[in-house]
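# Observations on the model geometry
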Amino acid sequence: MGCDGGTIPKRHELVKGPKKVEKVDKNAELIARWYYCTLSQEKLRKPVVACELGRLYNKDAVIEYLLDKSSDKPIVEAASHIRSIKDVKELNLSDNPAWKGDKGDTKGDRYDDLHYTRFICPVVGVEMNGRHKFCFLYSCGCVFSERALKEVKTDTCHKCGVPFQENDIITLNGNKEEVEELWKRMEERKLKAKLAKKAKKSNKSRVAESAVRSHSAESAGPSNVCEGASDQSSGEKKNGISIDKTLGPGPSSSLVKPSKVVSGATKRVAPDGKSEAYKSIFTSHCSAKRSKEQTSHWVTHTAYYF
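The following paragraphs examine the structure supplied in this document. (Residues numbered from 1 in each chain as written. Predicted model: local features only at pLDDT ≥ 70, side-chain atom pairs only at ≥ 80, totals over all residues. Heavy atoms only, no water.)

### Quick word on the overall build of the protein chain
Helix and strand counts for the protein chain come out as six helices and 10 strands. Counting across all 306 residues of the protein chain, residues that qualify as buried make up 22%. By sequence separation, contacts in the protein chain at least 24 residues apart represent 44% of the contacts at least 6 residues apart. Accessible surface, the protein chain: about 24,100 Å² in total, of which carbon and sulfur atoms supply 55%. (Helix = DSSP H or I, 4+ residues; strand = E, 2+ residues; numbered from the N terminus. Buried < 20%, exposed > 50% of the residue type's maximum accessible area, 1.4 Å probe, protein only. Contact = heavy atoms within 4.5 Å. Areas by Shrake-Rupley, 256 points an atom, 1.4 Å probe, with all protein chains shown as cover.)

The following block contains the structure:
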């Protein structure tokens, strides 16, 4: 099969050389990183958030990713470090006044500039298309170009006036070295936040313990005073019984119990301890017995017949 009829194979058909490295189109790479969400691969639209590694996301895509608790949830490497909505920061972007968006002519009869973006730097005015380095402040979320931060050096935000530090500057869509440095800073920031939370919790517990101790000390003070006063008055009165300490020993120094006055008629109590009123409720009592005139006929006698 083949090579008949005078067909002569060439060298590149017989010898396989090294594979050529496929070159990635730079324009396509910039568009994918600056125009589309890293998580959902949809076009960026407000509200836009960024993680501490400088990647751009749509906020609704991040919320859907965090709420998805199903077992078949795809593991996205670009969002593996995002575990809560606190791990991302909402960006305060400045709109490009010359951007027409979908309102422009899209018939295909005009040149479509791929570097024409929706957002710009509010200080310098350069477009956020990947040709210039952009960064955002983690303290407030405002986005500026790196050129603006270098030219106008200050410790407060150019847009909202919130103070920031050098560690709050995070580069958007940086290279590998910048991402590694941002990863280290993210781990340090999380560790500091964890230690601060533990210290705050321990301080609260100490304050609560000190408050309980002070409260117990205050409650113990008045009780001692009351006990001393009660010891003094115990010689004079105890449970309504008066004791005369000035009198010497003898019959007059004995305890004098106050007499109880019973108002009304005295109760009539039988020797067995039961009153007549209690006994009268039973048929065996003498008041319940009837005479022969009161007894009924033998046909109509009841249980009261004796």
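### Notes on helix α3 (residues 59-67)
For α3, the complete set of buried residues consists of A61, V62, Y65 and L66. Each buried residue of α3 sits inside an arc of 130° when the element is viewed along its axis, so together they form one side. Projecting away from the buried face of α3 at angles above 90 degrees are the exposed residues E64 and L67. (Arc of directions from axis to C-beta.)

### Things to note about the packing of aromatic side chains
Each aromatic ring pair is described using two quantities: the centre-to-centre distance and the angle formed by the ring planes. Using the criterion set out here, one finds one aromatic pair in the structure. On the basis of an interplanar angle of 65° and a centroid distance of 6.4 Å, the ring pair of W34 and F134 is categorised as edge-to-face. In this pair, W34 is assigned in helix α2 (residues 26-34) and F134 in strand β6 (residues 134-137), connecting sequence segments 100 residues apart. (Phe/Tyr/Trp six-rings, centres within 6.5 Å; stacked < 30°, edge-to-face > 60°.)

### Regarding the side chain of T117
Counting through the fold element by element, T117 comes out in the loop between β4 (94-95) and β5 (119-120). At a separation of 3.4 Å, a polar atom in the side chain of T117 contacts the main-chain amide nitrogen of M128. If sequence neighbours within four positions are ignored, T117 has contacts with Y35, N96, W99, E127, M128 and N129. (Polar contact = N/O pair within 3.5 Å; in protein donor to acceptor, adjacent residues only side chain to side chain.)

### Re the environment of L182
Its location among the elements puts L182 in helix α5 (residues 176-234). When its relative accessible area of 6% is taken as the criterion, L182 is described as buried. In this structure, L182 is in contact with E52, L53, G54, I170 and T171, ignoring residues within four places of it in sequence.

### Some thoughts on a nonpolar patch on the surface
A grouping of I63, L67 and I85 is seen on the molecular surface, where their side chains present a nonpolar patch of about 270 Å² in accessible area. Within the secondary structure, L67 is located in helix α3. (Patch = residues over 30% accessible without salt bridge, like charges linked within 9 Å, V, L, I, M, F, W, Y side chains within 5 Å. Salt bridge = Lys/Arg side-chain N within 4 Å of Asp/Glu carboxyl O.)

### Remarks on the pairing of β6
Side chains F134 and F136 project from β6 onto one buried face, and the interleaved C135 and L137 project onto a second face that is buried too. With three bridges connecting them, β6 and strand β7 (residues 143-145) associate as antiparallel partners. Looking at β7, one finds that F136 is bridged to V143. Where β6 hands over to β7, the hairpin turn is made up of five residues, of which G141 adopts a positive phi near 90°. In terms of strand pairing, β6 meets strand β8 (residues 169-171) through three bridges, oriented antiparallel. Bridging from a neighbouring strand, F136 pairs with I170 of β8. (Pairing = 2+ DSSP bridges.)

### Digging into the sheet that holds strand β3 (residues 88-90)
For sheets, the rule is that strands pair by backbone hydrogen bonds, running either parallel or antiparallel. Within the open sheet, the three strands sit side by side as β2-β1-β3. Their pairing is antiparallel. Bordering the open sheet on either side are β2 (56-58) and β3, each of which pairs with just one other strand. Going from strand to strand, the sheet's axes swing by 40° on average, the running direction of each strand aside. Sheet analysis places strand β1 (residues 48-51) next to β3, joined by three bridges and oriented antiparallel. Looking at β3, one finds that C51 is bridged to V88. Contacts between α3 and the sheet are confined to β1, β2 and β3, with β2 contributing the most and set at about 80° to the helix. (Axes fitted to C-alpha atoms, helices over the stretch in contact; angles between N-to-C directions.)

### Here we look at the sheet that holds β7
With antiparallel pairing, three strands are arranged side by side in an open sheet as β7-β6-β8. Of all strands in the sheet, those bounded by a partner on one side alone are β7 and β8. Sheet twist, expressed as the mean angle between neighbouring strand axes with direction ignored, is 35°.

### Points about the pattern of salt bridges
In total, this model carries eight salt bridges according to the counting rule given. Taking the shortest distance from any N to any O, the salt bridge between E29 and R33 comes out at 3.9 Å. Of this pair, E29 and R33 both sit in helix α2, four residues apart, which is roughly one turn of the helix. Relative accessible area serves as the criterion here: at 30%, R33 is assigned to the partly exposed category. With a closest N to O distance of 3.2 Å, K59 and E90 form a salt bridge.

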